[in-house]
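Structure at a glance
Listed below, chain by chain, are the residues.
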Amino acid sequence: MTDNRNPEPARKYHEATKHSYASIRSKPHLLDWANQPSPFKIYPTLEPLRLPSEVRQTGVAALSAIAESIPAKTNGVPDLEAVAQLLYLSAGITRTRKHPGGEIYFRAAACTGALYEIELYVVCGDLPGLPAGVYHFSPAEFGLRRLRAGDYRGVLVAATGAEPAIAHAPLSIVCTGTYWRNAWKYQARTYRHFGWDNGTLLANLLAVGTALKLPAKIITGFVDVMVNELLDVDSQREVAFSLVAVGHNAVAAPPAPAEVSPLGLETIPSSRQEVDYPLMREVHAASTLGSTEEVAAWRSATPLPGLPPPEGAVVQLQPLSDGDMPREPIEQVILRRGSSRKFARNAITLEQLSTLLNRATRGVPADFLNPPGTQLNHLYLIVHAVEGLAAGAYVFHRDRGVLECLKQGNFRAQAGYLGLEQELPADAAVDIFFLADLRATLKRLGNRGYRAVQLEAGVLGGKLYLAAYAQQLGATGLTFYDDDVIRFFSPHAEGKSAIFLVAVGKSAQRSSGHGT
Ligand SMILES: Cc1cc2nc3c(=O)[nH]c(=O)nc-3n(C[C@H](O)[C@H](O)[C@H](O)COP(=O)(O)O)c2cc1C
């Protein structure tokens, strides 16, 4: 029996992994470079099937691709080139940089510490150019390794309690998180990073799906053990975190094979030795769903209330219309994206900020967001330099398209402090914090809601990245002092929890460098 309905483990995990001024100083963590994990999962006994490397140009403007989704029942079956496009633009290697200790392989989506702990697997029926099977995606070779031959989609259908998008998807992508690869640097906080780093990747995947005219939906409710067994991962080390149904077939997938046998495939250990952080595995275990009935009940949870109506002064946002917005295609924006390493203290315009917020928050197709269009996270802003907007703290009411002013003032120094005493949040034009009512979320969705709230923040954060770069701005994800963030935005934010932070502004150098 799992105890998803008792949200104590998620609360405990969140509390124990908070950063504070004191925790950073009392628990310094030195990196053991000689034991750094490899960023790739390697199956030495399987030959990769190389994917076509040419990036198809859809020509669809990034600002449209991130804002829209293709209606669920639109028929569409990806071919091998489309599969390659989806994988490359969400998890492929887009740039490399040499450093004294080796080379960093930067990927299409932002990831904490450039550690890339999210692995992708493809589960498909017969597709044009790709036979039915279960495949592991290898970014290093840009190829797929076939783990199982045949149509195993029925396992995902069964695991999700016949979720309609999964049942009719010609292809699903399973995203896993590998604990040690990220915990080497971030220790127990890695479980939060699973959601963030999976989320930024999914923002790209959803946008590319839209550009390819394929419906796509994120599924976080599934019987964990069934999916982990299908991939045959060692679930002490690597666990399925989310699924994405891609495309739509009028005909549902065939039933699951009677047996899914273990594969026993060899994989190369990622480093000499691994350090265990039991807290992460505890919150994961407590958020597992054990049966299809439990999944179905979980999915039908009632919606959360939104923000109360504004009480303070409001500023109407002024997003650019479709006709006026920059039209750089999604592929090019993704390839150009990189986290800003320094911001110039220059202002952005109210239109740019409005477009950013408006385009990034038009709804994420996900099984935990019912009715569609709802959101678990709320966006709180510290505005430093936006033409036409007084510097200060704001909360975004997306249903009304307004920013409610919480307090005016120059808060650059406070923002730098809140973002773990880094320069980036102090120099940005605006810092966008994601805050959630964790108590209500966990009450509704149990511990599984913890996965969902972190994942949603990552998706929205990833969309903000893309919306910034599409407007020739820069962006970076950041980490933060949890409770100080809530204090800063209180009393409005009282009772909420800090989940995520993205800083947006004008990059100081045109070509952004990279760091962690
Ligand atoms: C959720 C999240 C948090 C991050 N936190 C920080 C941070 O605190 N400081 C920092 O300099 N970079 C931070 N980054 C940026 C990563 O270091 C960067 O994404 C990674 O090095 C990969 O480089 P790229 O985004 O340029 O591809 C963060 C990124 C994400 C997605």
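Points about the packing of aromatic side chains
- Within the structure shown, the criterion is met by 19 aromatic pairs.
- Taken together, a centroid distance of 5.2 Å and an interplanar angle of 85 degrees make the contact between Phe-411 and Phe-488 edge-to-face. Of this pair, Phe-411 sits in the loop between β16 (402–408) and α14 (412–418) while Phe-488 sits in helix α18 (residues 482–489), placing them 77 residues apart in sequence. A single burial state applies to Phe-411 and to Phe-488, both of which are buried.
- Taken together, Tyr-13, Tyr-179, Tyr-191, Phe-194, Phe-241 and Tyr-450 form an aromatic cluster joined through their ring pairs.

Section: the confidence of the model for the protein chain
- Per-residue confidence for the protein chain gives a mean pLDDT of 96, with 98% of residues at or over 70.
- Counting interchain partners and residues more than four positions distant, the pLDDT-below-50 stretch residues 510–516 has 19 contacts.

Focus: unusual backbone geometry
- Residue Asn-370 is joined to Pro-371 through a cis peptide bond whose omega torsion reads -5 degrees.
- With respect to the helices, strands and loops of the structure, Pro-371 is situated in the loop between α13 (350–360) and β13 (377–383).
- Pro-491 follows Ser-490 through a cis peptide bond whose omega is 15 degrees.
- Of note, Pro-491 is situated in the loop between α18 and β19 (497–507).
- A positive phi angle is found at Ala-162, which is not glycine, with a value near 55 degrees.
- In this fold, Ala-162 is placed in the loop between α5 (153–159) and α6 (164–167).
- Here Lys-213, not a glycine, exhibits a phi torsion of approximately 65 degrees, which is positive.
- Tracing the sequence through the fold places Lys-213 in the loop between α8 (190–211) and β8 (216–219).
- For Lys-213, a relative accessible area of 52% puts it in the exposed group.

Things to note about the environment of Ser-172
- By the secondary structure assignment, Ser-172 is in strand β7 (residues 171–178).
- Along the primary structure Ser-172 and Val-123 are separated by 49 residues, whereas in three dimensions their C-alpha atoms are 5.3 Å apart.
- Setting aside residues up to four positions removed in sequence, Ser-172 forms contacts with Tyr-121, Val-122, Val-123, Leu-156, Ile-166, Val-244 and Ala-245.

Topic: the nonpolar core
- Judged by nonpolar contacts, the single largest core of 143 residues is most densely connected at Leu-353, Leu-381, Ile-432, Phe-434 and Phe-489.
- Here this core gets 14 residues from one element, more than from any other, and that element is helix α17 (residues 448–470).
- Among the nonpolar cores identified, the runner-up in size contains 25 residues, and Val-155, Val-174, Phe-222 and Leu-231 belong to it.

Here we look at the pattern of salt bridges
- Taken as a whole and judged by the stated rule, the model has 26 salt bridges.
- Between Lys-18 and Glu-15 there is a salt bridge; the shortest N-O distance is 2.9 Å.
- Between Arg-345 and Asp-427 there is a salt bridge, with the nearest N and O atoms lying 2.7 Å from each other. Placement of Arg-345 in the loop between β11 (343–344) and β12 (348–349) and of Asp-427 in helix α15 (residues 423–427) is noted, with a sequence separation of 82 residues between them.
- Residue classification places Asp-427 among the buried positions, given a relative accessible area of 9%.
- In this structure, a network of salt bridges that share partners links the residues Lys-342, Arg-345, Glu-423 and Asp-427.

Rules and cut-offs
Residues numbered from 1 in each chain as written. Predicted model: local features only at pLDDT ≥ 70, side-chain atom pairs only at ≥ 80, totals over all residues. Heavy atoms only, no water. Phe/Tyr/Trp six-rings, centres within 6.5 Å; stacked < 30°, edge-to-face > 60°. Helix = DSSP H or I, 4+ residues; strand = E, 2+ residues; numbered from the N terminus. Buried < 20%, exposed > 50% of the residue type's maximum accessible area, 1.4 Å probe, protein only. pLDDT = per-residue confidence, 0-100. Contact = heavy atoms within 4.5 Å. Core = buried A, V, L, I, M, F, W, Y, C linked by side-chain atoms within 4.5 Å. Salt bridge = Lys/Arg side-chain N within 4 Å of Asp/Glu carboxyl O.

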